[in-house]
Structure formats: structure tokens, C-alpha cells
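Coordinate inspection notes
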Amino acid sequence: MSTAFDVIVIGAGPGGYIAAIRAAQLGFNTACIDEWKNDKGGPAPGGTCTNVGCIPSKALLQSSENFDQAGHHFSDHGIGLSNLTIDVAKMLGRKNTVVKQNNDGILYLFKKNKVAFFHGRGSFTKAVDGGYEVAVAGDKPDVLTAKHVIIATGSNPRALPGAAFDEETILSNDGALRIPAVPKTLGVIGSGVIGLEMGSVWRRLGAEVTVLEALPVFLGAVDEQIAKEAHKVFVKQGLKINLGVKITEVRAGKKAVSVSYTDEAGAEQKLECEKLIVSIGRVPNTTGLNAEAVGLKLDERGFVAVDDDCKTNLANVWAVGDVVRGPMLAHKAEEEGVAVAERIAGQHGHVNFNTVPWVIYTSPEIAWVGQTEQQLKASGRAYKAGVFPFMANGRARALGDTTGMVKFLADARTDEILGVHIIGPMASELIAESVVAMEFKASSEDIARICHAHPSLSEATKEAALAIDKRTLNF
Ligand code: FAD
Ligand code: NAI
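The following paragraphs examine the structure supplied in this document. (Residues numbered from 1 in each chain as written. Chains lettered and ligands numbered in written order. Predicted model: local features only at pLDDT ≥ 70, side-chain atom pairs only at ≥ 80, totals over all residues. Heavy atoms only, no water.)

Focus on the site of ligand 2
Close to ligand 2 lie 21 residues, the nearest being Ile-194, Glu-213, Gly-281, Met-328 and Val-359. Separating an oxygen atom of ligand 2 from a side-chain N or O atom of Glu-213 is a distance of 2.6 Å. The separation between an oxygen atom of ligand 2 and a polar main-chain atom of Met-328 is 2.6 Å. Computed on the free molecule, ligand 2 has an accessible area of 840 Å², of which 76% lies beneath the protein chains in the complex. Of all the secondary-structure elements, those providing two or more residues to the shell around ligand 2 are α6 (193-204) and β18 (358-360). It is α6 that contributes the most residues to the shell around ligand 2, 3 residues altogether. In this structure, the shell around ligand 2 is formed jointly by two domains, domain 2 (170-280) and domain 3 (355-467), each of which donates at least three residues. (Near = heavy atom within 4 Å. Polar contact = N/O pair within 3.5 Å; in protein donor to acceptor, adjacent residues only side chain to side chain. Areas by Shrake-Rupley, 256 points an atom, 1.4 Å probe, with all protein chains shown as cover. Helix = DSSP H or I, 4+ residues; strand = E, 2+ residues; numbered from the N terminus. Domains from an automatic or database assignment.)

Let's talk about the site of ligand 1
Lining the immediate environment of ligand 1, one finds 38 residues, of which Asp-34, Thr-48, Lys-58, Gly-122 and Asp-322 sit closest. At a separation of 3.3 Å, an oxygen atom of ligand 1 approaches a polar backbone atom of Cys-49. Note that an oxygen atom of ligand 1 is positioned 2.7 Å from one of the side-chain N or O atoms of Lys-58. Protein coverage of the free-state accessible area of ligand 1, which is 1,000 Å², stands at 94%. Secondary structure elements with two or more residues in the shell around ligand 1: α1 (14-25), β2 (30-34), α2 (47-52), α3 (54-72), β4 (121-128) and α8 (330-344). With 4 residues, the single largest contributor to the shell around ligand 1 is α2.

Focus: the packing of α1 against α8
Taken N-terminus to C-terminus, the directions of α1 and α8 make an angle of 30 degrees; their axes are 7 Å apart at the nearest point. Taken together, α1 and α8 sit at an angle that is classed as roughly parallel. As α1 runs across α8, the sense of the crossing is right-handed. On α8, the residues touching Pro-14, Gly-15, Ile-18, Ala-19, Arg-22 and Ala-23 of α1 are Ala-330, Ala-333, Glu-334, Gly-337, Val-338, Ala-341 and Glu-342. Across the contact of α1 with α8, the residue classes break down as 8 nonpolar, 2 polar and 3 charged. (Axes fitted to C-alpha atoms, helices over the stretch in contact; angles between N-to-C directions. Parallel < 35°, antiparallel > 145°, perpendicular 65-115°, else oblique. Left-handed = near helix turned anticlockwise from the far one by under 90°. Contact = heavy atoms within 4.5 Å. Nonpolar A, V, L, I, M, F, W, Y, C, P; charged D, E, K, R; others polar.)

Here we look at the packing of aromatic side chains
Throughout the structure, instances matching the rule amount to 6 aromatic pairs. Taken together, a centroid distance of 6.1 Å and an interplanar angle of 75 degrees make the contact between Phe-124 and Tyr-132 edge-to-face. No difference in accessibility class separates Phe-124 from Tyr-132, as the two residues are buried. Considering the side-chain rings of Trp-358 and Trp-368, the 5.6 Å spacing of their centres and the 5 degrees angle between planes classify their relative orientation as stacked. Taken together, the positions of Trp-358 in strand β18 and Trp-368 in strand β19 (residues 365-370) put the pair 10 residues apart, joining distant regions of the chain. You can call Trp-358 partly exposed: its relative accessible area is 26%. (Phe/Tyr/Trp six-rings, centres within 6.5 Å; stacked < 30°, edge-to-face > 60°. Buried < 20%, exposed > 50% of the residue type's maximum accessible area, 1.4 Å probe, protein only.)

Quick notes on the sheet that holds strand β10 (residues 208-212)
Taken in spatial order, the 5 strands line up as β8-β15-β9-β10-β11 in an open sheet, and their pairing is parallel. The strands lining the two open edges of the sheet, one partner per strand, are β8 (170-171) and β11 (240-242). (Pairing = 2+ DSSP bridges.)

Here's the deal with the pairing of β2
Of all 5 residues making up β2, 5 are buried, and the element is well covered by its neighbours. Of the two faces of β2, the one carrying Thr-30, Cys-32 and Asp-34 and the one carrying Ala-31 and Ile-33 are both buried. Pairing between strand β1 (residues 3-10) and β2: 4 bridges, direction parallel. When the bridges of β2 are listed, Val-9 appears paired with Cys-32. What joins β1 to β2 is α1, and the crossover it makes is right-handed. Pairing analysis gives 4 bridges linking β2 to strand β3 (residues 116-119), with the strands arranged parallel. Paired with Cys-32 across the bridge in β3 is Phe-117. (Right-handed = clockwise from strand over helix to strand, strands pointing away.)

Quick look at the pattern of salt bridges
This model, assessed by the stated rule, comprises 20 salt bridges. For Arg-204, the salt bridge goes to Glu-65, with nearest N and O atoms at 3.5 Å. Placement of Arg-204 in helix α6 and of Glu-65 in helix α3 is noted, with a sequence separation of 139 residues between them. Here Arg-204 matches Glu-65 in class, with each residue buried. One continuous salt-bridge network, built from bridges that share partners, spans Asp-223, Glu-373 and Lys-407. (Salt bridge = Lys/Arg side-chain N within 4 Å of Asp/Glu carboxyl O.)

What to know about the packing of α3 against helix α4 (residues 88-113)
For the pair α3 and α4, the least separation of the axes is 9 Å and the interaxial angle reads 145 degrees. At the point where α3 passes α4, the crossing takes the right-handed sense. Seen from α3, the contacting residues are Ile-55, Pro-56, Ala-59, Leu-60 and Ser-63; seen from α4, they are Met-91, Leu-92, Arg-94, Lys-95, Val-98, Val-99 and Asn-102. Tallied by class, residues from the contact of α3 with α4 come to 8 nonpolar, 2 polar and 2 charged.

Rendered as C-alpha cells:
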């Protein structure tokens, strides 16, 4: 006997759980299947993001930032501390509590929205009259059918060939989020988003962190001016960043790892470290879906092949989030989930890839939306640039955090905002204003003429917009 639904969502990460909730809001009888288990074997919806990604990393970034502030900056405020210690077990426990709050929150939201949740692995078994049959393998095996299926099975960390993750010494994002004691030495392969965020956490807590990056440029996708500033600041903070390396061998012992590589000049080098984080990108996760049973098409890189509307090659089968093309970001997955549920309901769901913001939660934070200066140059578009440093912002001075800048890029003729790039305090929050502005096709003049609260970091955004016409008021 199978249970019939209108919509089945496979995966309850940000793409899947949000798609399920939106589908239920639109009146569809909706099921969501997810296999993630907590340490007691119970359901832990929320996917990579909630369990081993966005949420736990931000919890540890906050704990380690507090430690760093207490150790290095409280004294500037006249606050004296002696014998500063870090209880790593407690810090990890707090992180686990934050994760559980989010898991429980999603289960609550499923109940509130009448989404039927199934804990286990969802696999296609066959196409049936007017839809698909999906089996749930878990504690309580089940068989479900629905006209529409939304695949939101996410991604997994990419391993370095010959260096499988053991999560003891060679760590993926999972192991990197639960190192039981601060390692004396930490190696990081890949200076992307995970490498920089997790490297920052353990550096702030006292580890000597060495980053090995294959590309000769640092943060190649980031606006060059911002990436240069970031490199300068991170090196000053103590991160050792080696660019243009080629890893030749990784050998894991019981208590240490040895990484052989050639440096930018071609010389052979060796890095010995207690722990090694490998953060060289992620691969789509379609294991267990049984895509072959229904003829679901994957592309040459293993992603579920979709068109601009997240439609797969199969009628009424959709796919969203990390398992399809595009940036691997939680908010991109969520937007696609909402858009697909609305398209199923006959509405015109839409995701604007030009206004998906990016944030790297280091200190200072890096955030951007739209095009970089190097992209504009490459496309030959005439543009104007305006920059305002946080050094000249009153709130940043009061906070004691004046590193960085806001940079505006606008069309030379129409003044339409084409990109906004921030490195500095609370960049993750500040970028939202520019996302809204770009969605409304605002000009830099629009931002420059809007009243911003004083003293606030957001005044730096207004001033950067003013800088486009060389009329900053405070710099
Ligand atoms: P996932 O979150 O991966 O969820 C997929 C779910 O499907 C999982 O629960 C999985 O168990 C389940 N599943 C898979 N196959 C099946 C099956 N056959 N049956 C049942 N269930 C199945 N993004 C940001 O935007 N901001 C951040 O700050 C951020 N920080 C990150 C930090 C780290 C360390 C990492 C690793 C990632 C981070 N990301 C961040 C990226 C973000 O986590 C992903 O983009 C996001 O989780 C993708 O959502 P998703 O729903 O597509 O997939
Ligand atoms: P990434 O794509 O951000 O960075 C990977 C880095 O590893 C690149 O710089 C790449 O050049 C380098 N690299 C690849 N192969 C290498 C090799 N063999 N040797 C040395 N360097 C090598 O990937 P990362 O950091 O693993 O994160 C995966 C994704 O997760 C990100 O792209 C992002 O989409 C998401 N994420 C988002 C976060 C956020 O929004 N704040 C935080 C963390 C992850």
C-alpha cells in the first residue's frame, strides 16, 4: 500500500524543507523525506546547512571571535582579564545545542504547515500512472506516490585523491566542526570559503594555521581590490597562506599528517600538522536516489540536469539547491525551493541569480552582490567606482573595527548599480541594502540620497554611493 501525496520532496536541507513548506502553504498535500540522523539516531532535518555547515560554523565563528576579542581587544576598552581560557568541549556543546534548536525548529515548522515528514532514505522505484513512486528506507519503511517530486539532496565534500576523510586527522567540514582540542598546528587545503572560515575559527583559538591553495590568486571570485585587502588582513592576523601550490602526497599518521607539495616556484615542500582540513569544493549528492529507475538525467559533473526553471528531463520532477548548477549557497537553495513550489501551483516563481549575495564570515566579513570590477572590465562595460573606508566611519571607530571598505560599481551612463563589495564589520548584514537596491534597479544616486541612521555602519554604504560622483562628505 502506498500513501498518495501531491508533492514529495526528497531532502530537508534549506532547499527541500523550504520547498515543502511553500508547497504546503499553496494547498498541496506534501511529504518531505530526509535521512540525516542526530547522534541518537533520530531525525535531524536541515541538511548540510543546519548540521555541518552554515549554522554550526557560525556558532563556532562567534565563540572564537568572542575569545579573540577578550584576548586582544577588551583591554582597549579598559576591561582587564587574566587567565583567559577556552573550554573547547563546552564551546562544541553550545554549537550542538544551536544545531538542535534549528533541527527542532524545522520539525515544528513541518507540523505547523502540515508537511508529512518521513525519516529515511528516499529512492525512486518507478513511474506510476500520473506520477512517481518513492520508497522510504528507514526505521519505518514506507512507499509514497505523488504527481510532483522535488529533488533537494544537496552535496558532499570533495576528497583529495589518495587522502580519504577519516575525520580524525584528515577532516572535511564535518570533522573541522568538532576538533576536540585546539590543535597546535592545522593545515588547510583550499583557501575558499570553508578553508578561510574554519581556519579562522581554530587560528583565533590558538592553532598555527597554514593554508595551501592551488590557484596563484587569492579569492579569485572576489573583487580584486577586496581580495587584496582580505589577504593583507588575514596574513596580519597570522594565517599562513601559500598560493599556487600543487599537492603531491598526503600521509596520515595516528597523531599527525604530512603534506608534500610543490610551491609557486616549483620547489618541493612539506607541511607537518596535527590536523588537516581539506576544503577543495563540494560534489552533488545523488547517491541512493535510484535515478536510473526513472531515467533521471545527470550532467557530466554528476549534478541533476535542470533548465532555468529547475525542471529535470522528467515531467513534474524538479531539482533545487546544491544538487543542481549554480552557487552552493543555502539562500540560493531556498529561493529555488520557493520558486519551484510556486511553479507547481501555476505561479511565476523566479530566482534572480544576479542578486544572490555572497558572504564569507571571516573577521572582517566579506560580502558582495553583482559583478566585480574585473568582470566589468572583461565584459567591456563602462563603469564608475566609488570606495569608502570604514576608517572614516564614526560607528566603526566606536566599535573599534575600522578595517575595510564599501565599494560601489555603477554603470557609467545610467548610474545603475552593477555590484557592491564590502569587507568590514557586519558586511553580512550591510549587503542586504544593496541587494534590495539592485533588485529595484536602483542607481547609486538613489542610495546616496536616502537618509541613513547616524552613527551606523550603513552610512559607509551611502558614502560609497556618493563616492561614485566623487562627493563623499566624510572622507
Ligand atoms: P543540503 O543542505 O545538503 O541538504 C540535503 C539533505 O538531503 C540532507 O539532509 C541529506 O541527508 C538529504 N538527502 C540526500 N539524499 C537523500 C535521500 N536519497 N533520501 C533522503 N534524504 C536525502 N551557505 C550559505 O549560504 N551560508 C553559509 O554561511 C554557509 N556556510 C557553510 C559552511 C559549511 C562548512 C558548509 C559545508 C556549507 C556552507 N554553506 C553555506 C552551503 C550550504 O550549506 C549549502 O548550500 C546548503 O546546505 C544546500 O542546501 P540543499 O538543501 O541543497 O542541500
Ligand atoms: P570553494 O570552492 O569555496 O573553495 C575551494 C578552494 O580549493 C578553491 O580556492 C580552489 O582553488 C581550491 N582547490 C581546489 N582543489 C585544490 C587542490 N587540489 N589543492 C589546493 N587547493 C585546491 O569550496 P569550499 O571552501 O570547499 O566550500 C564549498 C562551498 O560551500 C562553497 O563554494 C560555498 O558555496 C559553500 N560555503 C558557503 C559558505 C558561505 O556562504 N559563507 C561557507 C562555507 C561554504
